[in-house]
Amino acid sequence: MKNILLASAVIVTLFNAAGAGQVPIQDRQPAGSALRPAVMGPTGGVSTGHPLTTAAAFSILLKGGNAFDAGVASLIAGGVLEQDLYSLGGEALVLVYPKKENKVTSIVGQGWAPKAVDVDWYLSRKKTLDGAGLDPAVVPGALHAALTVLEKWGTMSFEEVAAPGIGYAENGFPMRNSTAQAIQRQLKFFESWPGNKKFWLKADGSQYKPGETIKLPALARTLHRMVDAEKAAKAKGRSAGIIAARDRFYKGDIAAEMVAFLQKHGAPFDASDFAEYYARIEEPAKTTYRGYTVYKHGFGSQGPVLLQALNILENFDLHAMGYASADYLHTVTEALKLAYADRDSYYADPAFVQVPGEGLLSKAYAKERAALIDPKKASTSFIAGDPTKYDSKVKQWTFWKANVTDGVTPRTRSGQEENSPEIVKDTTHMAVIDKDGNIFDVTPSGGWVPGAVILGDTGIGMSVRGEQFWLDKTRANQIRPRARPRYTLTPSMVFKGDVPMMGIGTPGGDNQDQTILQALLSVVDFWNEWYPNLHGALERPRVQTMHFYGSFWPHTAGFNQLNVEATIPDAVYNELKARGHDVSRLRPFGMSGCATAVMIDPATGNRFAGADPRRDCYAIAY
């Protein structure tokens, strides 16, 4: 009875948060007067990129699962439901905070390249890493990460947490508009891959319309086979069963089918590329900002861009400038430009490159970088700093360093078009907090409808994340045998001092850490303007610099370009233009990304959940 009452209360909260979230805000109001009601509860919270994904995680919490059980359930369900953004053939980058361990741990579920390839392999065959098909493929990492989290920190079986996702795949779910659009845009690609056509289209070759029920029986069968493997090993204990399920995917008959398909189509994978793959468990990167501690994935990701930007911005009084003022947006943009120059130079798989991470996160280095910001003029340079001066281990750098003294990239289209869903691959995010204070935060992506090949009858779309490598031996982030590309996926955790407070993340490719940065600054520097409605902190207008080399092939630069949401006042827009930014307007809430977050209120211990209105993200608290 208690669970029924809780579920009823949350359905009301979900309806209110989602329904009101679709109403555009015509006039900028203080975040505390957000149109959507606050999502708060005493027990737990979930925020994800799809209402049914949120429901899947919440159902596990109601059954007594912890945040990690619920988070893995959301990963599996999302990999069924959200395949225009992420599938189980993609990757999942996770941060966990288990209360009993009292520390944050990073799980790197980013796939690696096959051992047979390197830069010369591609160049000699005149191949590129263009993000479709099998040339940019890497081993799927999402399921390894998910089951590693479940094994080490969960309490439930794989069968229990996979049940919502299996149910959606087997019994069907309503096709959402964004997925239908993604399929429509890929019909020509499907002509080259009949398995994709069989998987995504009706038997007569017609397309599912938004709202129609689609079933994914091939994917359901693959998940059932993993459940069967778990059951067969059940007598050996919960962990053994989860490992057996994972092994069937990476080492057993499922892997054999995937590898056979890849080899049949000339892809350079063998069984060992799957069997020897593992989700890496490591210490996260971190920094402090005005009394908060922020955790990110390490330098194999773009996550430290956020940390470097925070270190730089700590040298400025952002609160005095005012959120979204010209001074504020200019300063944030210039700090991000400096961080991106370092990202594009130094970040790469730490298994292959000794990154000067200590120097990059040094406060003294940040002060040096902050001094480069001209408060009245946009920088057109793209020059990496020298963090080796502040690093006790790495004293020289032999790879390429950004050194563009006057970078301006002419626009070929408006900022609105550059961020339209027709041309931008995207991602999703899940954040969960439970009654005990455990926090799960994950940014999964890849294996998308756009460009991913379905591997035979497995229902698994092969990740094309290899497109984030460079085919350039001077670059740290070059493709190497068994290397993981420097990925854009970037979950975040925030502590107030040493007390856990928030999990936050977003879709958005290169824009992810820009969204998180602006949302986080809204939370911590302008607390009284939104508290206690976390939606209010996330809905505020944002800007987006394109001043970097794009992470996705062909790594196009957008030097000095700045996209601004329409809710930024004309006076601010004009002042940014006067300072030299190449400014373009986006529609209201038009920025790529949708921040989703869960929080423990430091004052009360209550659970807050929030999701901004830029997409159909959903938050629940109970």
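Within every chain, residues take consecutive numbers counted from 1 along the sequence as written. Where local features are concerned, this predicted model is filtered to residues with pLDDT of at least 70; where side-chain atom pairs are given and counted, the filter is 80 or more; whole-chain, interface and lining totals use all residues. Values shown for side chains rest on all heavy atoms present in the structure; no hydrogens or waters enter the calculation.

A. Representation of the overall build of the protein chain. In DSSP terms, a helix is any run of H or I states spanning at least four residues, a strand is any run of E spanning at least two, and both are numbered starting from the N terminus. The number of helices and strands found in the protein chain is 22 helices and 21 strands. Using C-alpha atoms as the atom set, the radius of gyration is obtained and then compared with a globule rule of 2.2 Å times the number of residues to the power 0.38. In terms of C-alpha radius of gyration, the protein chain reaches 23 Å, essentially the compact-globule figure of 25 Å for 622 residues. Within the protein chain, the fraction of its 622 residues that count as buried is 65%. We call two residues contacting when some pair of their heavy atoms lies within 4.5 Å. Within the protein chain, contacts between residues at least 6 apart in sequence are counted, and of these 74% link residues at least 24 apart. Counting every atom, the protein chain has about 21,300 Å² of accessible surface; 54% of that belongs to carbon and sulfur. Charged residues are defined here as Lys and Arg on the positive side and Asp and Glu on the negative side; His and the ends of the chain fall outside this count. We put the charge of a Lys on NZ, of an Arg on CZ, of an Asp on CG and of a Glu on CD. Placing the 66 positive and 63 negative side-chain charges of the protein chain at their respective mean positions leaves the two points 2 Å apart. We call a residue buried when its accessible area falls under 20% of the maximum for its residue type, exposed when it is over 50%, and partly exposed in between, using a 1.4 Å probe and counting protein chains only. Computed by Shrake-Rupley with a 1.4 Å probe, the accessible areas treat only the displayed protein chains as cover when residues are assessed.

B. Representation of the confidence of the model for the protein chain. In the predicted model, the protein chain carries a mean pLDDT of 92, and 92% of its residues have values of at least 70. The pLDDT value expresses, per residue, how confident the predictor is, ranging between 0 and 100. Note that pLDDT drops below 50 for residues 1-34; the model gives that stretch 51 contacts with residues more than four away or on any other chain. Scored below 50 in pLDDT, residues 414-423 shows 23 contacts in the model against residues more than four places distant or in partner chains.

C. Structural view of the pattern of salt bridges. Whenever a carboxyl oxygen of Asp or Glu lies within 4 Å of a side-chain nitrogen of Lys or Arg, that contact is scored as a salt bridge. All chains considered together, the criterion is met by 39 salt bridges. Note that E191 is salt-bridged to K197, the shortest N-O span being 3.2 Å. What emerges from the salt-bridge pattern is a single network uniting E82, D84, R176 and D616.

D. Spotlight on the environment of T155. Inspection of the secondary structure assignment puts T155 in the loop between α5 (142-153) and α6 (158-171). Polar contact is defined as a pair of N or O atoms within 3.5 Å, subject to the rule that within protein one atom must be able to donate a hydrogen and the other to accept it, and that residues adjacent in sequence are counted only when both atoms are side-chain atoms. Within the structure, T155 has its side chain in polar contact with the side chain of D69 (distance 2.6 Å).

E. Quick look at the sheet that holds strand β1 (residues 39-41). A pair of strands is treated as paired once DSSP finds two or more bridges between them. Read from one edge of the open sheet, seven strands run β1-β20-β19-β15-β14-β9-β8, paired in antiparallel fashion. The sheet is open, and its two edges are formed by β1 and β8 (285-289), each paired on a single side. Adjacent strand axes in the sheet meet at a mean angle of 20 degrees, parallel and antiparallel pairs treated alike. Angles here are taken between N-to-C directions and fall from 0 to 180 degrees, while the axes themselves are lines fitted to C-alpha atoms, restricted in helices to the stretch in contact. Seen against the sheet, helix α14 (residues 304-313) touches β8, β9 (292-296) and β14 (492-496) and runs at an angle of roughly 25 degrees to β8.

F. Geometry of helix α11 (residues 238-250). Across its 13 residues, α11 extends 19 Å between first and last C-alpha, which sits within 8% of the 18 Å expected from 1.5 Å per residue. Looking at α11, one finds that the buried residues are G241, I242, A244, A245, R246, F249 and Y250. A helix is expected to span 1.5 Å multiplied by its residue count minus one.

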